[in-house]
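Okay, here's what each chain looks like letter by letter:
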Amino acid sequence: MNKKTKDNNSVTILGIKIDGGVLVTIIIFVLFFIFYSVRTIYAKYKLDNGKTEIVFAEIIDAGIRTRGGLGAKPKIGYIKFRYFIRGKEMIRFCEPIDNPKQYHIGDCIEVLISLEDENIYKWNKSKGTFKCQ
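Keep in mind that what you see is a predicted model, and the values were worked out from it rather than measured. (Residues numbered from 1 in each chain as written. Predicted model: local features only at pLDDT ≥ 70, side-chain atom pairs only at ≥ 80, totals over all residues. Heavy atoms only, no water.)

A.B. asks: Could you clarify how one ought to interpret the overall build of the protein in this entry?
C.D. replies: Helix and strand counts for the protein stand at one helix and eight strands. Walking the protein from its N terminus toward its C terminus, one meets helices and strands in the order β-β-α-β-β-β-β-β-β. Here the C-alpha atoms of the protein give a radius of gyration of 23 Å, more than 25% beyond the 14 Å that 2.2 N^0.38 yields for 133 residues. For the protein, the C-alpha atoms occupy an extent of roughly 85 × 35 × 25 Å along the three principal directions. For the protein, buried positions account for 25% of its 133 residues. Here the analysis covers contacts within the protein between residues at least 6 apart in sequence; of these, 50% occur between residues at least 24 apart. When the accessible surface of the protein is summed, it comes to about 10300 Å², and 58% of that surface belongs to carbon and sulfur atoms. (Helix = DSSP H or I, 4+ residues; strand = E, 2+ residues; numbered from the N terminus. Rg over C-alpha atoms; globule rule 2.2 N^0.38 Å. Buried < 20%, exposed > 50% of the residue type's maximum accessible area, 1.4 Å probe, protein only. Contact = heavy atoms within 4.5 Å. Areas by Shrake-Rupley, 256 points an atom, 1.4 Å probe, with all protein chains shown as cover.)

Given below as structure tokens:
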């Protein structure tokens, strides 16, 4: 005698049957998307409407690296730069960078930083690099 087993791992939402694992994945993705969107809007608001300052940052490293994580990941270009604000040294990264070989250690870039949140900054890529003074 074969008994039919009932599928307890699925949920019906608006008449659509969704597997429980898929539902959890969708919820995690939606929460991540909301968090990322709010963070991006917050950073843009701070740079557009908050107290900001333009600083010249010195490039201290530039190259190509493999992104972290499991499996084979593509290589990306990056630059590492430093600047001083309120007597404090800040070291930051920008990635991915197209053609990282055009950036040289010791050159400077222009960076817009938020004075209200030290983790919010934006590199002015249109200005390019120039010799530090």
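A.B. asks: Help me out: how do you make sense of the packing of aromatic side chains in this one?
C.D. replies: Centre distance and the angle of the planes are the two values used to describe a pair of aromatic rings. Enumeration over the complete set of coordinates arrives at six aromatic pairs. Centre to centre, the rings of Phe56 and Phe130 are 5.3 Å apart; their planes meet at 85 degrees, and the pair counts as edge-to-face. Pair noted here: Phe56 is in strand E3 (residues 52-66) and Phe130 is in strand E8 (residues 130-131), with a separation of 74 residues, a long-range link. Look at Phe56 and you get partly exposed, because its relative accessible area is 48%. Residue Phe130 is classed as partly exposed on the basis of its relative accessible area of 23%. Note on Tyr78 and Phe93: the rings are 6.3 Å apart at their centroids and 50 degrees apart in plane angle, and the pair reads as tilted. Taken as a pair, Tyr78 in strand E4 (residues 75-85) and Phe93 in strand E5 (residues 88-97) lie far apart in primary sequence, 15 residues in all. The class for Tyr78 is buried, based on a relative accessible area of 12%. One aromatic cluster is present, built from ring pairs that chain together Phe81, Tyr83 and Tyr121. (Phe/Tyr/Trp six-rings, centres within 6.5 Å; stacked < 30°, edge-to-face > 60°.)

A.B. asks: Hey, could you run me through the confidence of the model for the protein in this one?
C.D. replies: Within the protein, residue pLDDT values average 84, and 90% of them lie at 70 or more. Within the protein, strand E6 (residues 107-114) carries the highest mean pLDDT (92), whereas strand E1 (residues 10-13) carries the lowest (77). (pLDDT = per-residue confidence, 0-100.)

A.B. asks: What is the right way to read the state of the cysteines from this model?
C.D. replies: By definition, a disulfide links the sulfur atoms of two cysteine residues through a covalent bond. Applying the stated criterion across every chain, the model contains one disulfide. Residue Cys108 pairs covalently with Cys132 via a disulfide, S to S 1.8 Å. On the sign convention where negative means left-handed, the S-S torsion of about 105 degrees between Cys108 and Cys132 marks this disulfide as right-handed. Of this pair, Cys108 sits in strand E6 while Cys132 sits in the segment after E8, placing them 24 residues apart in sequence. Judged by relative accessible area, which is 5%, Cys108 ranks as buried. Relative accessible area serves as the criterion here: at 31%, Cys132 is assigned to the partly exposed category. Looking at Cys94, it has no disulfide partner, and the nearest cysteine sulfur is the one in Cys108, 14 Å off. In this structure Cys94 comes out as buried when scored by relative accessible area, which is 12%. (Disulfide = S-S within 2.5 Å.)

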